[in-house]
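Chain and residue survey
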Amino acid sequence: MAIESSYQSFPDPKKRRMRTSRKTYEAKKSREPEMEESLLQAEASFEETDKQEEKLRPHRLADYVGQKDLKSVLEIAIEAAKARKEPLDHLLLYGPPGLGKTTMSLILASEMGVTCKISAAPALERPRDIVGLLVSLQPGDILFLDEIHRLSRVAEELLYPAMEDFRLDITVGKGKTAKTRSIPLKPFTLVGATTRVGALTSPLRDRFGLLQRLRFYELDELSLIVERAAKVLSTEITAEGATEIARRSRGTPRIANRLLRRVRDYTQVKKLGTISSEIAAEALELYNVDPCGLDWTDRLILSAMIENFSGGPVGLETLAAATGEDAQTIEEVYEPYLLQIGFLQRTSRGRIALPGAWKHLGYTHPDEPY
Ligand SMILES: Nc1ncnc2c1ncn2[C@@H]1O[C@H](COP(=O)(O)OP(=O)(O)OP(=O)(O)O)[C@@H](O)[C@H]1O
Ligand SMILES: [Mg+2]
C-alpha cells in the first residue's frame, strides 16, 4: 500500500487546553506538573504524528484491536466492493481523538489494495487545493480528509458532485461570460474523519454511505494494544504490566502507546528488565498519571465541583469560570472520558460529580453511610 501524505497538523486553537489564572486554585495550580499535560492529551503531539505513530500502526484489519461493530461493517463493505470491483462507499469516521480513525483509513486502503491520500480539511482552503487532490486520484483510491468539519465552503461545494457523481463542476470566467465546466473524476472513496460530527453540514453528512462512530476501548482491548506495541518496540512486558498501563490510558490507544514509551524509558534507564505492573505503576506515578488515568485538570474540574458546588449540578460556564478552563475545552476534551468512567453526569440543570469521583479524590459523598 502506498501512502501519500500532504497532512499537516492544524490545531484548532479553541480546542487546545487554554488556561487563564484563577484565584482559588492558584496554589494548587502552581504545583501542576508541566509534563503531565502532554502525556494524557489524546491529540497527537507534533513529533508523534510522523515517526513513532507510524511504527505502531497496525496495517491489517485483523491486527486492529476492538471496535467490533465498526470492523464487522467494514469487513462486509470491503468484501462487497471487491466482488463488484467498485470502490468502497464514502465513509465518515467520528469520535474522540486518538481512537484509530487515521489508522482505519490506512488499513482500508491496504485491504482494498489501493493508495490512500491523506490531507486535512484546513489545508484545502483554495479551490485549486481540493481540485488538484481530486484530479490526482486513481480508480478506487482512498482520499482521507481529517478534521472534515473544518472544510471551507468552496471546498465543500466542490466535493458534493465529486462524491455523488465523480465529477467536478468548475466555474471558469466571471460575470456574464462565466461558464461551468464539468471534469470527470475516477471513482474514489472519501474517508472523512472528525471529532465533531455535529459540526458537519447535513448535505455533506448525507453524502456518506457509511457513518461510523469510534468508541473508547475496553481495558482488555487496550492491554492487547500495549502488548502488541511492546512487541513492535522489542520491549519485554508482563500481561499485568500491560494492564497497568492500559488502565491509565483513558480508553485511548494513542495514550496507551505513549505511556508505554515513557515506562519503557524509565525501565531502561533504571535497568529494571521486564516491565511488571509494579514497575509500570511506579513509572506512571512519577509522570503524575493517576490510577484512573486522570490528569491534573480532570482532578481540578472534579474537585471544584465537589468543593465549590457540593458536587453539582453546576452549569458549564460556571464550572469554566471556577476552574479557569475554557468551556469548550471542558466539554470536548475532559468531559467525554469523565462521562465514560462514570465520574460525571450531564443533566438539564448542569454537571454532577458522581460518587465514584468523590471516592477517587478522597471525599466522602453525602449519601455514603459513616
Ligand atoms: N484499534 C487499534 N489497534 C491498535 N492500535 C491502534 C488502534 N487504534 C489506534 N491505534 C494506535 O493509536 C495511534 C493513534 O491512532 P490514530 O492516529 O489512528 O487516531 P485518530 O483517531 O486518527 O486520531 P486523531 O483524531 O487525533 O487524528 C496509532 O498510532 C495506532 O498505533
Ligand atoms: Mg488521525
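Residues numbered from 1 in each chain as written. Chains lettered and ligands numbered in written order. Predicted model: local features only at pLDDT ≥ 70, side-chain atom pairs only at ≥ 80, totals over all residues. Heavy atoms only, no water.

For the protein, an unreviewed UniProt entry supplies the name Holliday junction branch migration complex subunit RuvB and the organism Roseofilum halophilum BLCC-M91. For the protein, the Catalytic activity (unreviewed entry) comment in UniProt is given as "ATP + H2O = ADP + phosphate + H(+)". Quoted verbatim from the Sequence similarities (unreviewed entry) heading of the UniProt record, the comment on the protein is "Belongs to the RuvB family." (UniProt positions renumbered as here; feature names shortened; annotations may be inferred.)

Core analysis: the biggest nonpolar cluster contains 56 residues, and Met104, Leu108, Ile237, Ile245, Leu259 and Leu260 have the highest contact counts within it. Those residues in contact with Ile245 that lie beyond four places of it in its chain are Val226, Ile237, Ala256, Leu259, Leu260, Val263, Ala280 and Leu284. Ranked by size, the runner-up nonpolar core spans 25 residues in total, among them Leu92, Ile148, Ala155 and Ala162. (Core = buried A, V, L, I, M, F, W, Y, C linked by side-chain atoms within 4.5 Å. Buried < 20%, exposed > 50% of the residue type's maximum accessible area, 1.4 Å probe, protein only. Contact = heavy atoms within 4.5 Å.)

Before going further, it helps to examine the UniProt feature "domain: AAA+ ATPase" (unreviewed entry) in the protein. Here the UniProt-annotated "domain: AAA+ ATPase" (unreviewed entry) positions come out as residues 87–214. Across residues 87–214, the secondary structure splits into 30% helix and 28% strand, with the terminal C-alpha atoms separated by 22 Å. (Helix = DSSP H or I, 4+ residues; strand = E, 2+ residues; numbered from the N terminus.)

A separate point is the site of ligand 1. With respect to spatial proximity, 19 residues lie near ligand 1, and among them Val65, Lys101, Thr102, Thr103 and Arg254 are the closest. Within the backbone of Leu99, a nitrogen or oxygen atom sits 3.3 Å from an oxygen atom of ligand 1. A distance of 3.3 Å separates an oxygen atom of ligand 1 from a polar side-chain atom of Asn257. Within the complex, the protein chains bury 95% of what would otherwise be the 640 Å² of accessible surface of ligand 1. Those elements that provide at least two residues to the shell around ligand 1 are α3 (46–56), α5 (101–112) and α11 (253–269). Class assignment of the residues belonging to the shell around ligand 1 gives a composition of 9 nonpolar, 5 polar and 5 charged. (Near = heavy atom within 4 Å. Polar contact = N/O pair within 3.5 Å; in protein donor to acceptor, adjacent residues only side chain to side chain. Areas by Shrake-Rupley, 256 points an atom, 1.4 Å probe, with all protein chains shown as cover. Nonpolar A, V, L, I, M, F, W, Y, C, P; charged D, E, K, R; others polar.)

Within strand β7 (residues 189–194), 6 of the 6 residues are buried, which leaves it mostly tucked inside the rest of the structure. Judged by which residues are buried, β7 turns out to be covered on both faces: Thr189, Val191 and Ala193 on one side and Leu190, Gly192 and Thr194 on the other are all buried. In terms of strand pairing, strand β2 (residues 91–94) meets β7 through 4 bridges, oriented parallel. Paired with Leu92 across the two strands is Gly192, which belongs to β7. Bridging between strand β4 (residues 142–146) and β7 involves 4 bridges; their strand directions are parallel. Bridging across to β7, Leu143 finds its partner in Leu190. (Pairing = 2+ DSSP bridges.)

Let us look at unusual backbone geometry. A negative phi angle is the norm for most residues apart from glycine, just as the trans form is the norm for most peptide bonds. Residue Pro313 follows Gly312 across a cis peptide bond; omega there is 5°. Considering the arrangement of structural elements, one finds Pro313 in the loop between α13 (296–309) and α14 (316–323). The phi angle at Phe166 is positive, at roughly 50°, despite the residue not being glycine. Residue classification places Phe166 among the partly exposed positions, given a relative accessible area of 24%. For Lys271, which is not a glycine, the phi torsion comes out positive at approximately 50°. Examined against the element boundaries, Lys271 turns out to sit in the loop between α11 and α12 (277–286). For Lys271, a relative accessible area of 74% translates into the label exposed.

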